[in-house]
Amino acid sequence: SMDGDVRPRGIVLNTGVGGLTFAGGLLGFVTKGSKASLIAGSTFGGLLLLSAWLVAKQKRSGNMLGAGVAGMLSYVMGKKFLVSKKLMPAGLLTFLGGMAFVYNAIESAVVTKKGPSATQDVETTTEVETEEEKEET
């Protein structure tokens, strides 16, 4: 039953991004023999899949882990994308990682205090954080 406690979007998003990251790492290893790609893909992918499992278990740590891993993923892939200018896989993973980061960050903050004011507070802080990140790069 969906009584609002289980958040299927977070589970789907983290599983999807995690699975794609994992597959991408495997593909990089198979096509280019890149061990770094395999290690990064299975680490980021595996942790995102773990975060989806934690979200499914209604643990706030799942969203926190998801936000952390997704943030790192989009940072690493973002740097690669700026160098290679290739949409696949770097650009795609930067975008998906960023999306998963924002979603998980909002969820982990909202889970603690439910209510309409909670979401507004979170959205404003997330916007500020992303602007600061842009200045850094």
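Residues numbered from 1 in each chain as written. Predicted model: local features only at pLDDT ≥ 70, side-chain atom pairs only at ≥ 80, totals over all residues. Heavy atoms only, no water.

## Side note on the overall build of the chain
When helices and strands are tallied, the chain shows five helices and zero strands. In sequence order, the chain lays out its α and β elements as α-α-α-α-α. Looking at the chain as a whole, 34% of its 137 residues are labelled buried. Long-range contacts, defined as pairs at least 24 residues apart, comprise 57% of the intrachain contacts of the chain with a sequence gap of at least 6. Carbon together with sulfur atoms contributes 67% to the accessible area of the chain, which is approximately 8,400 Å² in total. (Helix = DSSP H or I, 4+ residues; strand = E, 2+ residues; numbered from the N terminus. Buried < 20%, exposed > 50% of the residue type's maximum accessible area, 1.4 Å probe, protein only. Contact = heavy atoms within 4.5 Å. Areas by Shrake-Rupley, 256 points an atom, 1.4 Å probe, with all protein chains shown as cover.)

## Notes on a nonpolar patch on the surface
On the surface, Leu26, Phe29 and Val30 cluster together to form a nonpolar patch covering roughly 270 Å² of accessible area. Looking at the secondary structure, you find Val30 in helix 1 (residues 8-32). With relative accessibility at 64%, the residue Val30 sits in the exposed group. (Patch = residues over 30% accessible without salt bridge, like charges linked within 9 Å, V, L, I, M, F, W, Y side chains within 5 Å. Salt bridge = Lys/Arg side-chain N within 4 Å of Asp/Glu carboxyl O.)

## Details of the environment of Lys59
In this fold, Lys59 is placed in the loop between helix 2 (35-56) and helix 3 (60-84). Given a relative accessible area of 45%, Lys59 falls into the partly exposed group. When the C-alpha positions of Lys59 and Ser108 are compared, they lie 9.4 Å apart, and in sequence the two are 49 residues distant.

## A closer look at the nonpolar core
Counting 16 residues, the largest nonpolar core has Leu13, Val17, Leu48, Ala70, Leu73, Met77 and Ala100 as its most contacted members. A total of seven residues in this core trace back to one element, the largest contributor, which is helix 4 (residues 87-112). Non-local contacts of Met77, meaning those with residues more than four positions away in its chain, are made with Ala90, Leu93 and Thr94. (Core = buried A, V, L, I, M, F, W, Y, C linked by side-chain atoms within 4.5 Å.)

## Structural notes on unusual backbone geometry
Residues Met88 and Pro89 are joined by a peptide bond in cis, for which omega reads -10°. Mapped onto the fold, Pro89 is located in helix 4. Residue Gln58 is not a glycine yet carries a positive backbone phi of 60°. By the secondary structure assignment, Gln58 is in the loop between helix 2 and helix 3. In this structure, Lys85 takes a positive phi of about 55° despite not being glycine. Within the secondary structure, Lys85 is located in the loop between helix 3 and helix 4. Looking at Lys85, the relative accessible area reads 62%, which means it is exposed.

## Observations concerning helix 1
The end-to-end C-alpha distance of helix 1 is 35 Å, a good match for the 36 Å that 25 residues give at a rise of 1.5 Å each. Among the residues of helix 1, Gly10, Leu13, Asn14, Val17, Gly18, Thr21, Gly25 and Gly28 are the ones counted as buried. Taken from the residues just after helix 1, Gly33 is the one with a positive phi, measuring 65°. (Expected span 1.5 Å × (residues − 1).)

## Structural notes on the confidence of the model for the chain
The share of residues in the chain with pLDDT of 70 or more is 75%, and the mean pLDDT across the chain is 83. With pLDDT under 50 throughout, residues 114-137 is counted as low confidence; its partners more than four residues away or in other chains account for 13 contacts. (pLDDT = per-residue confidence, 0-100.)

## Description of the packing of helix 1 against helix 2
Between helix 1 and helix 2, the shortest axis-to-axis distance is 7 Å and the interhelical angle comes to 165°. As judged from the angle between their axes, helix 1 and helix 2 are roughly antiparallel. For the pair helix 1 and helix 2, the crossing hand works out as left-handed. When its residues are assigned to classes, the contact of helix 1 with helix 2 shows twelve nonpolar, 14 polar and one charged. (Axes fitted to C-alpha atoms, helices over the stretch in contact; angles between N-to-C directions. Parallel < 35°, antiparallel > 145°, perpendicular 65-115°, else oblique. Left-handed = near helix turned anticlockwise from the far one by under 90°. Nonpolar A, V, L, I, M, F, W, Y, C, P; charged D, E, K, R; others polar.)

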